[in-house]
Amino acid sequence: MVFEPGTLLAMLLASLFGLFVGAVPGLTATMATALLVPVTFFMPPIPAIATIVTATAMAIFSGDVPGCLLRIPGTPASAAYTDEAFAMTRKGEAEVALGAGLVFSAVGGLFGTAVLIVAAPALAEFALHFSSFEYFWLVLLGLTCAVFITSDEPLKGVMTLFLGLLVACVGLGNPAGFPRFTFGSAEMTGGIGMIAMMIGMFAISEVIRYVVDTSPPAELAVEKVGNVLRGQWVLAKKYPLQILRGSTLGTAVGALPGAGADIAAWMSYAMSKKFSKEPHKFGTGHVEGIVESGSANNSALAGAWIPALVFGIPGDSITAIVIGVLYMKNMNPGPTLFTTNPQNIYAVFLLFILANIIMVPMGLLCIKVARRILLVPRNILMPLILLFCIVGTFAINNSLFEVTVMLVAGIVAYVLEANRFPIAPAILGVVLGGMLEENFITSMIKSNGDLSAFVTRPIAAGLALVTVLVWFVPPVLRALRVRRAAVPA
């Protein structure tokens, strides 16, 4: 299934697309995924998944290239160590910085894939014992984690989460089948299209941001990049613990709902500096932080697929889009996917391995032509992206209403981000809102309206306890920290 010519061709084309999107500052891996959805609509399941897996892996890596050469991260996942990589470029070590980003991204991706292969089937077997009570607490825990992890200001995260949950209420797709917030519109009875909304929030918002941005384009720090693989084996022998720590942390953070590669990279870079024997070198062009963070951001991609495949809960905004594609291809996420279509699951595992292996030669090609990629005029690129978004969104259901949803979502996302509101909780609210309501109503019917039934089963009680702790422990710790800081020494 994986080595059919059509699948391999899809992976090759997706590689080139992902490398290009990741290398252009401002275009994210999530945006690459959103733009590919209309294309995957016309593809068989395995090539469709192959396209997304490959493009996102390539985009996360290639975001390092403009960060290193321009000091502008191509994707948010590369932002954590952009200053470090640019400092190395200024010292004449651009090859080492780019090579470390490439090689250890591939290593981290393979580590995350190994964990996905081991953990997902075991979790799926465990999840077969879940009922609506456990799923209710699991979804609630996922939404809670998304707010506290993805935002420095949890209150803003809560507000965007409720915005997403409100959008999920629109239409007839609720347990009662009652039209909600449709305002007499026939199109609204079908609900707000998740794919159209995501394309708008991640792609159209970038186009708007470019239109209002008046800053001049940055200049390349180097004219030419040499052999990037030279010295990487020496780095691997020097920093084995950092590679393992970054890969492990990245996979764990990726598996948390709403976290993803961006947060994994920041956390890994901070941990690298904290435990380093040479913390004073960080910020001056030290490769250690790049090695650890590079491993983390790609391992997070595979980690995010664990809750997505097993529970249908996205680990990040990329897998939120992927869940929509899986439903579109009749590969409904959940524990039964591992029993009814095991061949598809093993194909996904193989796709991850293959994508991370071909990342090295394709990444070398990207670095060689980086100068040309980075010099593509944005005033040509952005109108093309806008055109692709409109045509792709219209093609999903042949509906102008979907195009309107996309454009409105783009404007809303731009306004939210301009005011420092995170949009990831809103996306998770849309994806998980229906699941939360459905499991709550089902549980209430089963228990005859008895709320105590939500905590009588052992697993449900454990998940409820963890959820409540996540609600109350961070505010208490923050209050204690503020009180300690206010006490004079």
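Residues numbered from 1 in each chain as written. Predicted model: local features only at pLDDT ≥ 70, side-chain atom pairs only at ≥ 80, totals over all residues. Heavy atoms only, no water.

- In the nomenclature of an unreviewed UniProt entry, the protein chain corresponds to Tripartite tricarboxylate transporter permease from the organism Ramlibacter alkalitolerans.

### Comments concerning the side chain of serine 447
So, step 1. Within the element layout of this structure, serine 447 appears in the loop between helix 20 (424–446) and helix 21 (458–486).
So, step 2. Residue serine 447 is classed as buried on the basis of its relative accessible area of 14%.
So, step 3. If near-sequence neighbours (up to four positions away) are discounted, serine 447 is found in contact with Phe133 and Ala453. (Helix = DSSP H or I, 4+ residues; strand = E, 2+ residues; numbered from the N terminus. Buried < 20%, exposed > 50% of the residue type's maximum accessible area, 1.4 Å probe, protein only. Contact = heavy atoms within 4.5 Å.)

### Points about the nonpolar core
So, step 1. In terms of nonpolar packing, the biggest core is built from 144 residues, with Trp305 and Ile385 touching the most fellow members.
So, step 2. Contacts of tryptophan 305, omitting those with residues within four sequence positions, involve Ile49, Val53, Leu116, Thr319, Val322, Val348 and Phe352. (Core = buried A, V, L, I, M, F, W, Y, C linked by side-chain atoms within 4.5 Å.)

### Some words on the pattern of salt bridges
A side chain with one charge may pair with a side chain of the opposite charge, provided their charged atoms come close.
So, step 1. A complete count under the given rule lists six salt bridges for this structure.
So, step 2. Here glutamate 134 makes a salt bridge to arginine 457, at a shortest N to O gap of 2.8 Å. Here glutamate 134, found in helix 7 (residues 132–150), pairs with arginine 457, found in the loop between helix 20 and helix 21; they are 323 residues apart in sequence, far enough to count as distant.
So, step 3. Taking the relative accessible area as the measure of exposure, glutamate 134 reaches 1% and is therefore buried. (Salt bridge = Lys/Arg side-chain N within 4 Å of Asp/Glu carboxyl O.)

### Considering the side chain of threonine 319
So, step 1. Within the element layout of this structure, threonine 319 appears in helix 14 (residues 317–328).
So, step 2. Owing to a relative accessible area of 0%, threonine 319 belongs among the buried residues under this scheme.
So, step 3. If sequence neighbours within four positions are ignored, threonine 319 has contacts with Ala304, Trp305, Ala308 and Pro314.

### Digging into the packing of helix 11 (residues 240–255) against helix 13 (residues 288–311)
So, step 1. Here helix 11 crosses helix 13 at 35°, and the two axes come no closer than 6 Å. The handedness of the crossing between helix 11 and helix 13 is right-handed. Across from Gln242, Ile243, Arg245, Gly246, Ser247, Gly250, Thr251, Gly254 and Ala255 in helix 11, the residues of helix 13 making contact are Glu288, Val291, Glu292, Ser295, Ala296, Ser299, Ala300, Gly303, Ala304 and Pro307.
So, step 2. Among the residues making up the contact of helix 11 with helix 13, the classes are represented as seven nonpolar, nine polar and three charged. (Axes fitted to C-alpha atoms, helices over the stretch in contact; angles between N-to-C directions. Left-handed = near helix turned anticlockwise from the far one by under 90°. Nonpolar A, V, L, I, M, F, W, Y, C, P; charged D, E, K, R; others polar.)

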